[in-house]
Amino acid sequence: MTTRFAPSPTGLLHLGHAYAAIVAHKLAHEANGTFLLRFEDIDHSRVREEFYAAIESDLRWIGLDWTGTPLRQTDRLPAYAAAIEQLKAAQVLYPCFCTRRDIAEESARITKAPHGPEGPLYPGTCRQLSATQRSDLLAIDTAHCWRLHATAASQLTGPLSFSDQLHGTAPVDPSLLGDVILARKDIATSYHLAVVVDDAFQQISLVTRGEDLLPSTHVHRLLQSLLHLPEPSYHHHPLITDAQGQRLAKRDESKTLQSLRASGQTPKNILQTVA
Ligand code: GLU
């Protein structure tokens, strides 16, 4: 079995990340499996070079070691482009020319704007364009992203489910996150696409991550089926929260491993705290 820890090098690791890494490492260790590291670094506007080394050194400090060279998603752009082409050929993507403002205005205008677990979903404006409108806009190279046509995709795959070690088996609900972006305007991929392509590439058999990402698994399972990729098992663990019950964020500098280390905490304290 193979697990992974997949941080974004957009900040220092805090206790919440340490917990996620420890869970993945422990599950791999217990099963005599492999623990891999992947840098989810496609969002170049937020990535900073120094965080790659800082993350590796923090992981080593708490005693976690990984197999091989960490994967960087920025080295994998051709694989994501190939997956996008495959999805276009399956006719489950459409180009979306909306700006954020267009989306907000359309969502306010329609009476039953779709809502997901984290707020409003894409209202579907560009899904309704005619083939001619679409090709005219593409011909004049209007800025666009590519969205998943969730209904068309689920018609193609039929009913799906995924299985989680802590949450049980759940049927995939393709409408939960709606027509998500799979290729952003600026980077031609997205978290959802890259994570699915890379979990298969790294032969991840158990995806461990925070339970805030449970809704995303519905999209990931759909993409695995559309791209004919293997289905991993899942382990969505609870999130570490602060005393007020708020999840830790990158801005909580007092909880970074580096600041805890500077204040005299030991790796053993960190393991005890997250346990
Ligand atoms: N990069 C994500 C994070 O830092 C993890 C995504 C995943 O594990 O699928 O929360």
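Only a predicted model underlies this, so the values are computations on that prediction, with no experimental measurement involved. (Residues numbered from 1 in each chain as written. Predicted model: local features only at pLDDT ≥ 70, side-chain atom pairs only at ≥ 80, totals over all residues. Heavy atoms only, no water.)

1. Details of the site of the ligand
Taken together, Arg4, Ala6, Ser8, Glu40, Tyr191, Val195, Arg209 and Leu213 make up the full set of residues adjacent to the ligand. Here an oxygen atom of the ligand sits 2.7 Å away from a polar atom, N or O, in the side chain of Arg4. Within the side chain of Glu40, an N or O atom sits 2.7 Å from a nitrogen atom of the ligand. Here the residues of the shell around the ligand are counted per class, giving four nonpolar, one polar and three charged. (Near = heavy atom within 4 Å. Polar contact = N/O pair within 3.5 Å; in protein donor to acceptor, adjacent residues only side chain to side chain. Nonpolar A, V, L, I, M, F, W, Y, C, P; charged D, E, K, R; others polar.)

2. Details of the packing of helix H6 (residues 150-157) against helix H8 (residues 214-226)
Two elements in contact, H6 and H8, have axes separated by 10 Å at closest approach and are oriented at 55 degrees. By the angle class used here, H6 and H8 are oblique. The chirality of how H6 crosses H8 is left-handed. Note on element contacts: H8 touches H6 through Leu222, Ser225 and Leu226, opposite Ala150, Ala153, Ser154, Leu156 and Thr157. In terms of residue class, the contact of H6 with H8 is made up of five nonpolar, three polar and no charged. (Axes fitted to C-alpha atoms, helices over the stretch in contact; angles between N-to-C directions. Helix = DSSP H or I, 4+ residues; strand = E, 2+ residues; numbered from the N terminus. Parallel < 35°, antiparallel > 145°, perpendicular 65-115°, else oblique. Left-handed = near helix turned anticlockwise from the far one by under 90°. Contact = heavy atoms within 4.5 Å.)

3. Remarks on the environment of Arg184
For Arg184, the location among the structural elements is in the loop between strand E10 (181-183) and helix H7 (191-201). The exposure class of Arg184 is partly exposed, given its relative accessible area of 27%. In this structure the C-alpha to C-alpha distance between Arg184 and Gly116, which are 68 residues apart in sequence, comes to 20 Å. Apart from residues no more than four positions distant in its own chain, Arg184 is found in contact with Asp43, Cys145 and Thr189. A polar side-chain atom of Arg184 sits 3.5 Å from a polar atom in the side chain of Asp43. (Buried < 20%, exposed > 50% of the residue type's maximum accessible area, 1.4 Å probe, protein only.)

Geometry only, nothing functional implied.
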